[in-house]
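Listed below, chain by chain, are the residues.
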Amino acid sequence: AAKYGTGWYGINLDPAGTAAVLAELDTHLAAEGRDRTDFKVVMGATADEFDPRVIDEFAEVGVTELLEEVLGAWTDGMRTPDLDHARDLRDSLKH
């Protein structure tokens, strides 16, 4: 990512873990004469439960996009549609 990439995709890290990885990425980018200007940082949140209160924390550490699967929930070991989860997330993001 540091030499040729235009972004980094992480998965299932909390904001503190993401900040640590991005600090290391910044070191590698600097070694290549680059920084995160125009560099996309995407975090995938695939945990069973996503806490929308951490969205601002992810933004503060440099995440530019946050992905969350809202149309499914684990039930008996299988992924099943869960529109209630999607609605709850939507409602929590309303201002």
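Look a little higher up for the structure.
These numbers were taken from a predicted model, which means no experiment stands behind them.

(A) The nonpolar core, seen in detail. Among the nonpolar cores identified, the biggest contains 10 residues, and these are Ala2, Leu22, Leu25, Leu29, Phe39, Val41, Met43, Val54, Phe58 and Val63. Of all the elements in the fold, those that place two or more residues in this core are α1 (15-31) and β2 (40-45). Considering every element that reaches this core, the biggest residue donor is α1, with 3 residues.

(B) Looking closely at unusual backbone geometry. The phi torsion at Asn12 lies on the positive side, around 55°, for a residue other than glycine. By the element assignment, Asn12 lies in the loop between β1 (7-11) and α1. With a relative accessible area of 45%, Asn12 lands in the partly exposed category. Here Asp38, not a glycine, exhibits a phi torsion of approximately 60°, which is positive. One can find Asp38 in the loop between α1 and β2.

(C) Inspection of a nonpolar patch on the surface at higher detail. A cluster of nonpolar side chains, contributed by Tyr9, Ile11 and Leu67, occupies part of the molecular surface with about 300 Å² of accessible area. Tracing the chain through its elements places Leu67 in strand β3 (residues 65-68).

(D) Looking closely at α1. Helix length check: α1 (17 residues) gives 24 Å between terminal C-alpha atoms against 24 Å at 1.5 Å per residue, within 8%. Every buried residue belonging to α1 is among Pro15, Thr18, Leu22, Leu25 and Leu29, and all of these are buried. Viewed end-on, α1 has its buried residues packed into an arc of 75°, placing them on one side of the element. α1 presents Ala16, Thr27, Ala30 and Ala31 as exposed residues on the side facing more than 90 degrees away from its buried surface.

(E) View of the pattern of salt bridges. According to the stated counting rule, one finds 2 salt bridges in the structure shown. The partner of Asp26 in a salt bridge is Arg36, and the shortest N-O contact between them spans 2.7 Å. Placement of Asp26 in helix α1 and of Arg36 in the loop between α1 and β2 is noted, with a sequence separation of 10 residues between them. Overall, Asp26 belongs to the partly exposed group, its relative accessible area being 28%. For Arg36, a relative accessible area of 25% puts it in the partly exposed group. Residue Glu65 pairs with Lys40 through a salt bridge whose shortest N-O separation is 3.3 Å. Here Glu65, found in strand β3, pairs with Lys40, found in strand β2; they are 25 residues apart in sequence, far enough to count as distant. The class for Glu65 is partly exposed, based on a relative accessible area of 33%. When its relative accessible area of 42% is taken as the criterion, Lys40 is described as partly exposed.

Quick notes on the rules
- Residues numbered from 1 in each chain as written.
- Predicted model: local features only at pLDDT ≥ 70, side-chain atom pairs only at ≥ 80, totals over all residues.
- Heavy atoms only, no water.
- Core = buried A, V, L, I, M, F, W, Y, C linked by side-chain atoms within 4.5 Å.
- Buried < 20%, exposed > 50% of the residue type's maximum accessible area, 1.4 Å probe, protein only.
- Helix = DSSP H or I, 4+ residues; strand = E, 2+ residues; numbered from the N terminus.
- Patch = residues over 30% accessible without salt bridge, like charges linked within 9 Å, V, L, I, M, F, W, Y side chains within 5 Å.
- Areas by Shrake-Rupley, 256 points an atom, 1.4 Å probe, with all protein chains shown as cover.
- Salt bridge = Lys/Arg side-chain N within 4 Å of Asp/Glu carboxyl O.
- Expected span 1.5 Å × (residues − 1).
- Arc of directions from axis to C-beta.

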